[in-house]
Amino acid sequence: MSIIASLVDSLEYKEDKPTIKLLLDTEFTKEIRIAFKKDHIMKEHTAPLPIVVEIFEGNIDFGVEGEVLKLKKGDLITLGAKVPHDLKATEDSIVRLTLCKNDQLTRVEKVTED
């Protein structure tokens with residue numbers, strides 16, 4: 001069975017924090033879209049399992065292990081489990097986050113809460 005999702009259809013930006021939307025929940029991963037307005041942040045956090053982050057649109061200052069990486073459209077980064085990281089959008093941006101199947105969307109949503 002095939003499932004189709006879009007990183008751009010029904011795109012919404014919140015004024016005060018990143019917008020998180022589950023796009024696909026497959027047998028092996030969860031694919032999530034995070035829509036950032038310029039200057040939105042995701043505070044430092046960790047993931048219990050490895051992740052892959054793709055910058056689909058825009059630019060993100062991606063903090064990892066004391067270094068800020070300037071990620072741009074098309075860049076991918078993978079992180080192992082429990083690696084502290086944070087994100088700041090330097091312009092309106094769309095990020096695709098790939099989680100392992102056993103990771104939780106609610107954990108990602110909590111990162112954007114004050």
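For every chain, the first residue of its written sequence is number 1, and the numbers climb from 1 along that sequence. Where totals are concerned, whole chains, interfaces and linings use all residues; where local detail is concerned, this predicted model gives features only for residues with pLDDT of at least 70, and gives and counts side-chain atom pairs only at 80 or more. Only hydrogens and water are set aside; all other atoms, that is, all heavy atoms of the structure, feed into the side-chain values.

### Focus on the sheet that holds strand β3 (residues 41-45)
Cut-off, in case you're wondering: Here, a strand pair is defined by DSSP locating no fewer than two bridges between the strands. Helix and strand definitions follow DSSP, with helices as H or I runs of at least four residues and strands as E runs of at least two, each counted in order from the N terminus. To obtain an axis, a line is fitted to C-alpha atoms, over the contacting stretch when the element is a helix, and the angle between two such axes runs from 0 to 180 degrees between their N-to-C directions.
Strand order in this open sheet of 4 strands is β3-β8-β5-β6, and the pairing throughout is antiparallel. The sheet terminates laterally at β3 and β6 (67-72), the two strands that pair on one side only. In this sheet, adjacent strand axes meet at a mean angle of 20 degrees when their direction is disregarded. As paired strands, strand β5 (residues 59-64) and strand β8 (residues 85-89) are joined by 5 bridges and run antiparallel to one another. Bridge pairing in β8 links D61 to K88.

### Structural notes on unusual backbone geometry
Stated formally: In this scheme, a residue with accessible area under 20% of its type's maximum is buried, one over 50% is exposed, and one in between is partly exposed, where area comes from a 1.4 Å probe on protein chains only.
Of note, E65 is a non-glycine position whose phi angle comes to about 50 degrees, a positive value. The topology assignment puts E65 in the loop between β5 and β6. Judged by its relative accessible area of 66%, E65 is exposed. Positive phi is not limited to glycine here, since K82 has a value of about 65 degrees. With respect to the secondary-structure elements, K82 resides in the loop between β7 (76-79) and β8.

### A short note on the side chain of E31
Here is the rule we go by: Polar contact criterion, stated in full: a pair of N or O atoms within 3.5 Å, where within protein one must be able to donate a hydrogen and the other to accept it, and residues adjacent in sequence count only if both atoms are side-chain atoms. Contacts are residue-level and defined by heavy atoms, with any inter-residue pair within 4.5 Å sufficient.
Mapped onto the secondary structure, E31 falls in strand β2 (residues 29-36). For E31, a relative accessible area of 9% corresponds to the buried category. Within polar-contact distance, the side chain of E31 engages the side chain of R96 at 3.0 Å. A polar atom in the side chain of E31 sits 2.7 Å from the side chain of T98. Look past the residues within four positions of E31 in its chain and what remains in contact with it is K21, L22, L23, L24, R96, L97 and T98.

### Here's the deal with the nonpolar core
In plain terms, the rule: By nonpolar core we mean a set of buried residues, namely Ala, Val, Leu, Ile, Met, Phe, Trp, Tyr and Cys, connected to one another through side-chain atoms within 4.5 Å.
Grouped together as the largest cluster of nonpolar side chains are 24 residues, with contacts concentrated most on I34 and F62. Mapped by element, the contributors of at least two residues to this core are β2, β4 (51-57), β5, β7, β8, β9 (93-100) and α1 (105-111). Excluding its chain neighbours within four sequence positions, the residues that come into contact with F62 are V53, E67, V68, L69, L71, I77, L79, H85, D86 and L87.

### Quick look at the pairing of β8
Covered by surrounding structure in β8 are H85, L87 and A89 only, the residues D86 and K88 on the alternate face being uncovered. Where β3 and β8 come together, 3 bridges link them in antiparallel fashion. In the sheet register, H45 faces β8, and the bridge partner there is H85.

### Looking at the pattern of salt bridges
Threshold: Should a side-chain nitrogen of Lys or Arg be within 4 Å of a carboxyl oxygen of Asp or Glu, the pair is scored as a salt bridge.
For the coordinates displayed, the defined rule picks out 8 salt bridges. A salt bridge links D61 to K70, with the shortest nitrogen-to-oxygen separation between them at 3.2 Å. Residue classification places K70 among the exposed residues on the basis of a relative accessible area of 63%. For D103, the salt bridge goes to R107, with nearest N and O atoms at 2.8 Å. Accessibility assignment for this pair places D103 and R107 in one class, buried. Residues joined by salt bridges that share partners form a network here, namely E31, E54 and R96.

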